[in-house]
Amino acid sequence: MIVSDLNSALQPYLEATAQGQLFVLVDENTHAKCMPILATALADMPYMTITIPAGEEHKTLATVEQIWHALYEHHATRDALLINLGGGMLTDLGGFAAATFMRGLRYVNIPTSLLAMVDASSGGKTGFNYLGVKNMIGCFAQPEQTLIYLPLLDTLPAEQWLSGYAEMLKHGLLDTDAHWNTLLALDVNDTKCSIPSALLADNLAVKERIVAADPTEKSLRKLLNFGHTIGHAIEEAYHADGRSVPHGYCVLWGMVAELYLSVLCLGMDKQVLTQLSHLMLAYYGRPACNCKERQRLVEWMMHDKKNKQAGQISFSLLRAIGDGVVDQTISREQLDEALEYLFSL
Ligand code: GLY
C-alpha cells in the first residue's frame, strides 16, 4: 500500500511487537540513504539493525545464514518483527530468512527501489540464488504488509529507475491498451520524474489482482513471469561472467524476445513489439552477450521454475494486451528466431 506517513503506517505492527523484538534489515546502501528516514518514523521504538552486503552476488545462502545468526544472537522470538528496508534482493532474502527462522516470523517490507515497489516486495515470493540459478531456493510467505513510501525513491540512480519501469511495462502489457499507452507516454528521459501516484496504484493493482487469484503460482500467476524466461537466462549469463546488470534491463530484453514469440506463435499485434523494441534501443541498449551464447542461454532456461517437464521450456506469452496465456511450449527454431531478433536489433 502507498503511504504518505511512514510512522502512522507502521504503528499497528510496532504495537504488536514486544520490546527488544524489532529488527531492521538493511544493506550498506539503504543503511546510509534510507535508514535515517525509517529511524525517524520508528521514533522511540528500540530496534536492532542487521546489515548485509548489497548486490545480487550476495543473494546467497551465506547471507541468509548471516541474518538467521543475527536473529539468534539477539534472542529473536517467534513474536519478533523483521522490517526489510531495501530493494528486491533484500526483500526476497529478508522475507526468506523471516519465513524460515523458528518456522516463521512476521515481516514488513519497505521497498526502496522502484522495482521492489512495483514488483519484488509484494506477493510473497522469497528466496535466494543457488548454483547460479535465480531464486532457485525459496518459499511463498506473505509479508504482513508492504509499505510504499515514495520519498525513498529520491536518491534512486537513473538505471534503477529504468529497471523498475521495465516491470511496470510488463504490468501494462498484462492489463489494458490504455495502461500500456500511459506508461509509454511517461518522460523516460526524466528518470527523476515522479510517477503519478494514481498510475503507480493502477500498476500495483495488476499484480495484486493476479496474486490474489493464484498466490502460489499454479497457473495464472505465471503471467507475471512474462519476459522472465529469457530475461533470467540473460541475467544468469551476465552473473556467470562476473558482470552485474539491473534485473529490469534483463526483463525488458526478455520481453522483447517473448513479444516476438507472441507475434510469431499467437498473432500478437506487431506494433507493440515495434514500440518496445524502439524503447529498448533508446534507453536500455542491447544485451551484451552475443548470439554465440545462445546454447548457454537455452541451458539456463531449462532450469526455469515454470517448466512442467524436464527438457521442455514453458513460456508465458500474449495473444493481445491483457490477454496472456501460460504454459506455452515452442520449437527450438522459434526460440532461435526470437533470440536472433533480439540480438540483431
Ligand atoms: N515477480 C513475479 C511474481 O511475483 O510473481
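Preceding this section is the structure that the text describes.
The following refers to the structure shown. Keep in mind that what you see is a predicted model, and the values were worked out from it rather than measured. Numbering of residues begins from 1 in every chain and follows the order in which that chain's sequence is written. Where totals are concerned, whole chains, interfaces and linings use all residues; where local detail is concerned, this predicted model gives features only for residues with pLDDT of at least 70, and gives and counts side-chain atom pairs only at 80 or more. Heavy atoms throughout the structure, all of them, feed into the side-chain values; hydrogens and water do not.

### Focus: the overall build of the protein
Moving on, step 1. Secondary structure elements follow DSSP: runs of H or I of four or more residues count as helices, runs of E of two or more count as strands, with numbering from the N terminus. Secondary structure assignment for the protein yields 14 helices and nine strands.
Moving on, step 2. Values of the radius of gyration come from C-alpha atoms, whereas the globule rule sets the reference at 2.2 Å times the count of residues to the power 0.38. Scaling as 2.2 N^0.38, a compact globule of 345 residues should have a C-alpha radius of gyration of about 20 Å, and the protein matches this with 20 Å.
Moving on, step 3. With the C-alpha coordinates of the protein rotated into their principal frame, the extents come out at 60 × 40 × 35 Å.
Moving on, step 4. Expressed as a percentage of the 345 residues in the protein, the buried residues total 56%.
Moving on, step 5. The contact definition used throughout considers only heavy atoms, calling two residues in contact when any of these lie within 4.5 Å. Within the protein, residue pairs in contact and separated by at least 24 positions form 75% of the contacts whose partners lie at least 6 positions apart.
Moving on, step 6. Accessible surface computed for the protein: about 14,100 Å², of which carbon and sulfur atoms make up 53%. With a 1.4 Å probe rolled over the protein chains alone, any residue whose accessible area is under 20% of its type maximum counts as buried; one over 50% counts as exposed, and the rest are partly exposed. All accessibility values rest on the Shrake-Rupley procedure with a 1.4 Å probe; residue burial counts only the protein chains present in the view.

### Description of the pattern of salt bridges
Moving on, step 1. Basic side-chain nitrogens of Lys or Arg form a salt bridge, by our definition, when they fall within 4 Å of a carboxyl oxygen of Asp or Glu. Enumeration according to the criterion identifies 16 salt bridges in this entry.
Moving on, step 2. The closest approach of N and O atoms between Asp 327 and Lys 308, which form a salt bridge, is 3.5 Å. Of this pair, Asp 327 sits in strand β9 (residues 323-328) while Lys 308 sits in the loop between α13 (294-301) and β8 (315-320), and the two are 19 residues apart along the sequence.
Moving on, step 3. Linked by salt bridges that have partners in common, Asp 119, Glu 167, Lys 170 and Lys 207 make up one network.

### Digging into the pairing of β9
Moving on, step 1. In this sheet, β9 lies alongside β8 in antiparallel orientation, the contact comprising four bridges. Bridge assignment links Phe 315 to a residue of β9, and that residue is Gln 328.
Moving on, step 2. The antiparallel pairing of β8 with β9 creates a hairpin that spans two residues between the two strands, and Gly 322 there sits at a positive phi of about 80°. When DSSP finds two or more bridges between two strands, those strands count as paired.

Keep in mind that these numbers describe shape and distance, not what the molecule does.
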